[in-house]
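Summary of the model geometry
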Amino acid sequence: MLTTNIELAKQALMAGSIIAIPTETVYGLAGNAFSEEAVHKIFALKKRPLYNPLIVHIRSVDYLSRVAMDIPPAAITLANAFWPGPLTLILKKQPHIPALVTAGKDTVAVRVPDHPLTLSLLQQLDFPLAAPSANPFGSVSPTTAAHVAGYFNEELPIILDGGPCQKGVESTIIGFENDQPVLYRLGAISVERIEAVSGNLLFHTKGEGEEVAAPGMLSRHYSPNTTTLLTSDIQGMLNRYQGKRVGLLLFSTAIAGNAIIHQEILSPSGDLNEAASHLYAALHRLDKLNLDVIIAERFPDKGLGMTINDRLRRAVN
Ligand code: TXA
Ligand code: MG
């Protein structure tokens, strides 16, 4: 059921249910982070493998010590600069956080979401909310309540409707090695904005055969059902797919041509932030058109263009 009633959401969570919540990035599938039973329901509903840990959503910076410990000064600096907001920090976990939340790791992912409904909900609860994006594992993240209903309408007692997500891509994830910030996942805050606060970021790289650091980094993720391609040469790709039902995902400028079934222009004014906020909604629309192929344009590799390219690379299937 879609609702804006926080009281209903609160009652459902206190009874141990899973509900959908709005955030500024994408919708989340939320449950009591202190309850192993509730967290188990999240994994089951999302069909998420148990090795992929969840983000714990808290109400404020002050609450951080309830879930994390031995917090490096650089983490506090980043939290103060960006919370509430689309920044997730990987920190040493408090022992009482269920191992299921963190996939057995001794670290926990934490953030303060910047959405008035969800912040108000968190303030009324005496537990934080574990929440992955509210999509089945591997598919495109939801940025409206209707997207969530499209995935899980039957299974969710409550979808808290907070309108379209303002950022439209997931949070940026930062961990720490020897107190030095390390980028685990590109997201809604650009590398440039993080570095303006923290100084140079290390980029997490994983060696061959090493365990996955943040499965948001899994090579196939965020995928539409329709075959999706990423290219810097739209015209060349169009020539190759002549006669096919083609949908285009473009940055700022439309392409002339009557064979093109549908074009999504993410930001006519060429603004990368606006483009990021429209990315998933455009993919959801394109995926409904029964196309042979979605051809996406490679974005400029700066600011949120880096995040958009990262998600498009993983959408390629
Ligand atoms: O914007 C967001 O971050 C959204 C909203 C709902 O907050 N959530 C989200 O959750 O994107 P999810 O579950 O789709 O992605 C969480 C990512 C995964 O890639 C997971 O592997 C990583 O966070 N993660 C969680 N705990 C971790 C940990 N202890 N160490 C490394 N990565 C972790
Ligand atoms: Mg996700």
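Quick note: structure is the one above.
Residues numbered from 1 in each chain as written. Chains lettered and ligands numbered in written order. Predicted model: local features only at pLDDT ≥ 70, side-chain atom pairs only at ≥ 80, totals over all residues. Heavy atoms only, no water.

1. Points about the overall build of the protein chain
Stated precisely, the cut-off is as follows: Helix numbering and strand numbering both begin at the N terminus, where a helix is a DSSP run of H or I of at least 4 residues and a strand a DSSP run of E of at least 2. Just to be clear, the radius of gyration here is over C-alpha atoms, and the globule rule we use is 2.2 Å times residues to the power 0.38. Residue exposure (1.4 Å probe, protein chains only): buried if accessible area is under 20% of the type maximum, exposed if over 50%, otherwise partly exposed. Two residues qualify as a contact provided that any one of their heavy atoms is within 4.5 Å of a heavy atom in the partner residue. Working definition of accessibility: Shrake-Rupley area with a 1.4 Å probe, residue cover restricted to the visible protein chains. Positive charges are assigned to Lys and Arg, negative charges to Asp and Glu, while His and the chain termini are left out of the count. Just so you know, the charge point we use is NZ for Lys, CZ for Arg, CG for Asp and CD for Glu.
Looking only at helices and strands, the protein chain features eleven helices and 16 strands. Relative to a compact globule of 317 residues, whose C-alpha radius of gyration would be 20 Å, the protein chain shows 19 Å and is just as compact. When the backbone C-alpha atoms are referred to their principal axes, the protein chain occupies close to 60 × 45 × 40 Å. When each of the 317 residues of the protein chain is scored for burial, the buried share is 56%. Of the contacts made within the protein chain by residues no fewer than 6 positions apart, 67% connect residues no fewer than 24 positions apart. Carbon and sulfur atoms form 49% of the exposed surface of the protein chain, whose accessible area is close to 13400 Å². Within the protein chain, one finds 26 positive and 29 negative side-chain charges whose respective centroids are separated by 3 Å.

2. Things to note about the nonpolar core
Note the following rule: Throughout, nonpolar core names a set of buried Ala, Val, Leu, Ile, Met, Phe, Trp, Tyr and Cys residues whose side chains join them through atoms within 4.5 Å.
I58, V67, W83, L87, L89, L156 and I174 are the most contacted members of the largest nonpolar core, which has 50 residues in total. Counting residues per element, this core draws most heavily on helix α2 (residues 36-46), which supplies five residues. With sequence-adjacent residues up to four places away left out, L156 is seen in contact with M1, I18, I19, A20, L29, L45 and V148.

3. Description of helix α1 (residues 6-14)
Applied cut-off: In this description, one arc is meant: the one made by directions from the helix axis to the C-beta atoms. Within 3.5 Å is the distance limit for a polar contact, defined as a pair of N or O atoms, with the added protein rule that one can donate a hydrogen and the other accept it, and that residues adjacent in sequence qualify only through two side-chain atoms.
Listed in full, the buried residues belonging to α1 are I6, A9, K10, A12 and L13. Each buried residue of α1 sits inside an arc of 165° when the element is viewed along its axis, so together they form one side. On the buried face of α1, the contacting elements are β2 (19-21), β3 (28-32), α6 (116-124), β8 (129-130) and β9 (159-160). N-capping of α1 is provided by N5, with a side-chain oxygen placed 2.9 Å from the backbone N of E7. G16 lies just past α1 and shows a positive phi near 95°.

4. Considering the pattern of salt bridges
To be explicit about the condition: One speaks of a salt bridge when a side-chain nitrogen belonging to Lys or Arg is within 4 Å of a carboxyl oxygen belonging to Asp or Glu.
Under the definition given, this model contains six salt bridges. Taking the shortest distance from any N to any O, the salt bridge between E170 and R311 comes out at 3.1 Å. Of this pair, E170 sits in the loop between β9 and β10 (172-177) while R311 sits in helix α11 (residues 304-315), and the two are 141 residues apart along the sequence. The class for E170 is buried, based on a relative accessible area of 4%. With a relative accessible area of 1%, R311 lands in the buried category. R314 is paired through a salt bridge with D310; the nearest N and O atoms lie 2.6 Å apart.

5. A closer look at the packing of aromatic side chains
Here is the rule we go by: Note on ring pairs: Phe, Tyr and Trp rings are taken, using the six-membered ring of Trp, and paired if centres are within 6.5 Å. Classes follow the plane angle, with under 30 degrees stacked, over 60 edge-to-face and the rest tilted.
A complete count under the given rule lists three aromatic pairs for this structure. With centroids separated by 6.2 Å and ring planes inclined at 55°, the aromatic side chains of Y151 and F152 adopt a geometry described as tilted. Classification of F152 by relative accessible area gives buried; the value is 2%.

6. Some words on the sheet that holds strand β14 (residues 246-250)
Selection rule: Here, strands pair whenever DSSP counts at least two bridges between them. For helices, the fitted axis covers only the stretch in contact; all axes are lines through C-alpha atoms, and the angles between them, taken along N-to-C directions, range from 0 to 180 degrees.
Pairing is parallel in the open sheet, where four strands are placed in the order β13-β16-β14-β15. Lying at the two open borders of the sheet, with one neighbouring strand each, are β13 (228-231) and β15 (260-265). Between one strand axis and the next, the sheet turns by 20° as a mean value, whatever way the strands run. Sheet topology places β13 next to strand β16 (residues 293-297); four bridges connect them, and they run parallel. Residue pairing in the sheet places T228 in a bridge with I294 of β16. Running at roughly 175° to β14, helix α10 (residues 272-287) makes contact with β14, β15 and β16 of the sheet. The strands touched by α11 within the sheet are β13, β14 and β16, with β13 carrying the most contacts at an inclination of about 135°.

So yeah, pure geometry; function would need other evidence.
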